[in-house]
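In case you want the letters, here they are:
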Amino acid sequence: MDGKFISFEGGEGSGKSTQLKLLASAFEKSALPFISTREPGGSKGAEKIRSLLVSGDTDSWDSLTETLLFNAARADHLNKLVLPALKENKTVICDRFLDSTIVYQGIGKGLNEAYIKSLHHIIFGNFMPDLTIILDISPEKGLMRAGGRGDNENRFEKLDIEFHRKIRDGFLNIAKRESERCVVLDATQNLDILHKQIIETIAIRCGIKL
Ligand SMILES: Nc1ncnc2c1ncn2[C@@H]1O[C@H](COP(=O)(O)OP(=O)(O)OP(=O)(O)O)[C@@H](O)[C@H]1O
Ligand SMILES: [Mg+2]
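Residues numbered from 1 in each chain as written. Chains lettered and ligands numbered in written order. Predicted model: local features only at pLDDT ≥ 70, side-chain atom pairs only at ≥ 80, totals over all residues. Heavy atoms only, no water.

*Asks:* Just give me the short version of the pattern of salt bridges, but keep the residues and values in it.
*Replies:* According to the stated counting rule, one finds 17 salt bridges in the structure shown. With a shortest N-O distance of 2.7 Å, Glu 47 and Arg 38 are connected by a salt bridge. The class for Arg 38 is partly exposed, based on a relative accessible area of 31%. Where salt bridges share partners, they join Glu 66, Lys 109 and Arg 155 into one cluster. (Salt bridge = Lys/Arg side-chain N within 4 Å of Asp/Glu carboxyl O. Buried < 20%, exposed > 50% of the residue type's maximum accessible area, 1.4 Å probe, protein only.)

Here it is, written out as structure tokens:
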């Protein structure tokens, strides 16, 4: 598999979608082959599963069912979109991936972390991002930003502040444990400064010069 798989992680309103858009423009300008995608979703079937996951009541799924739905969406997304693109030597930039499942359904909602990882391993083998950029922001600031957006994809946003603190710590702990894969950036910085840091990180870690 030749293309690089780069995931973006971080709590609600940390700026993942915003930075993905800026990064996609940089790829377009440089004429390097890439696709930009997101989880849950990214492919037709997975987008259908997304609608079950991101809206509605916070307690509409227990953590196990939720995790299985995320994995079902991931299987469709990887098989239909991500793996074929990587085989064609495209860079894949992706809004959220496995770390979000570990942090939200595991650390946040109490499903055993080892269980989530072994499920991933059974379904997807050793497939992991080559680089994960974690956008770090306090949940207070992040939720304020996300609330200003006015969409209805707020099933996770509606959980209490303690939940979102666990999410932030969870991402930071993954970054500490897996420092070869993960880079943490301060998401409170100005958009353009953060964008430049992302471009630099991708150059250093993946050898992709934009
Ligand atoms: N660096 C920044 N400084 C100030 N505002 C920002 C910054 N980055 C993003 N925003 C704003 O914050 C809001 C949330 O950003 P965005 O939707 O990109 O976050 P997200 O991480 O994708 O959130 P979610 O996890 O809910 O999808 C948007 O209104 C966006 O314009
Ligand atoms: Mg987003």
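Now, onward.
*Asks:* Can you lay out the pairing of strand E1 (residues 5-9) for me, pointing to particular residues and giving the numbers?
*Replies:* For E1, the tally of buried residues reaches five of five residues, placing the bulk of the element in the interior. Burial along E1 is two-sided: the residues Phe 5, Ser 7 and Glu 9 and Ile 6 and Phe 8 are all buried. Pairing geometry for E1 and strand E3 (residues 91-95), over four bridges, is parallel. Looking at the pairing, Phe 5 lines up with Val 92 of E3. In terms of strand pairing, E1 meets strand E4 (residues 131-136) through four bridges, oriented parallel. Counterpart to Ser 7 in the pairing with E4 is Thr 132. (Helix = DSSP H or I, 4+ residues; strand = E, 2+ residues; numbered from the N terminus. Pairing = 2+ DSSP bridges.)

*Asks:* Give me unusual backbone geometry: which residues, what numbers.
*Replies:* With omega at -10°, the peptide bond leading from Glu 39 into Pro 40 counts as cis. Mapped onto the fold, Pro 40 is located in the loop between strand E2 (34-38) and helix H2 (44-54). Residues other than glycine seldom take positive phi values, yet Ala 31 does so here, at roughly 60°. Looking at the element boundaries, Ala 31 is found in the loop between helix H1 (16-30) and E2. A positive phi is found at Arg 96, a non-glycine position, where the angle reads about 75°. Along the chain, Arg 96 turns up in the loop between E3 and helix H4 (98-108). A relative accessible area of 14% places Arg 96 in the buried class.

*Asks:* Describe in detail the site of ligand 1, supporting the description with residues and values.
*Replies:* Residues in contact with ligand 1 amount to 15 residues; listed here are only the nearest, Lys 16, Ser 17, Thr 18, Arg 149 and Gln 189. Between ligand 1 and the protein, one listed contact pairs an oxygen atom with a side-chain N or O atom of Glu 12 at 3.5 Å. Within the side chain of Arg 149, an N or O atom sits 2.7 Å from an oxygen atom of ligand 1. In isolation ligand 1 exposes 640 Å². Once the protein is present, 74% of that is buried. The greatest single-element share of the shell around ligand 1, amounting to three residues, is contributed by H1. (Near = heavy atom within 4 Å. Polar contact = N/O pair within 3.5 Å; in protein donor to acceptor, adjacent residues only side chain to side chain. Areas by Shrake-Rupley, 256 points an atom, 1.4 Å probe, with all protein chains shown as cover.)

*Asks:* How would you explain the sheet that holds E1 if you had to name every residue and give the values?
*Replies:* The strand order across the open sheet built from five strands is E2-E3-E1-E4-E5, with neighbouring strands paired in parallel fashion. Only two strands of the sheet have a single partner each, and these edge strands are E2 and strand E5 (182-186). Averaged over all pairs of adjacent strands, the angle between strand axes in this sheet comes to 20°, irrespective of strand direction. Strands E1, E2, E3 and E4 of the sheet are contacted by H1, whose axis makes an angle of about 160° with E3. (Axes fitted to C-alpha atoms, helices over the stretch in contact; angles between N-to-C directions. Contact = heavy atoms within 4.5 Å.)

*Asks:* Lay out the environment of Lys 109 with the relevant residues and their values.
*Replies:* Mapped onto the fold, Lys 109 is located in the loop between H4 and helix H5 (113-124). Relative accessible area serves as the criterion here: at 24%, Lys 109 is assigned to the partly exposed category. Separated by 45 residues in the primary sequence, Lys 109 and Leu 64 have C-alpha atoms spaced 9.4 Å apart. In contact with Lys 109, other than residues within four places in its own chain, are Thr 58, Ser 63, Glu 66, Tyr 104, Arg 155, Phe 156, Leu 159 and Phe 163. There is a polar contact of 2.9 Å between the side chain of Lys 109 and the side chain of Glu 66.

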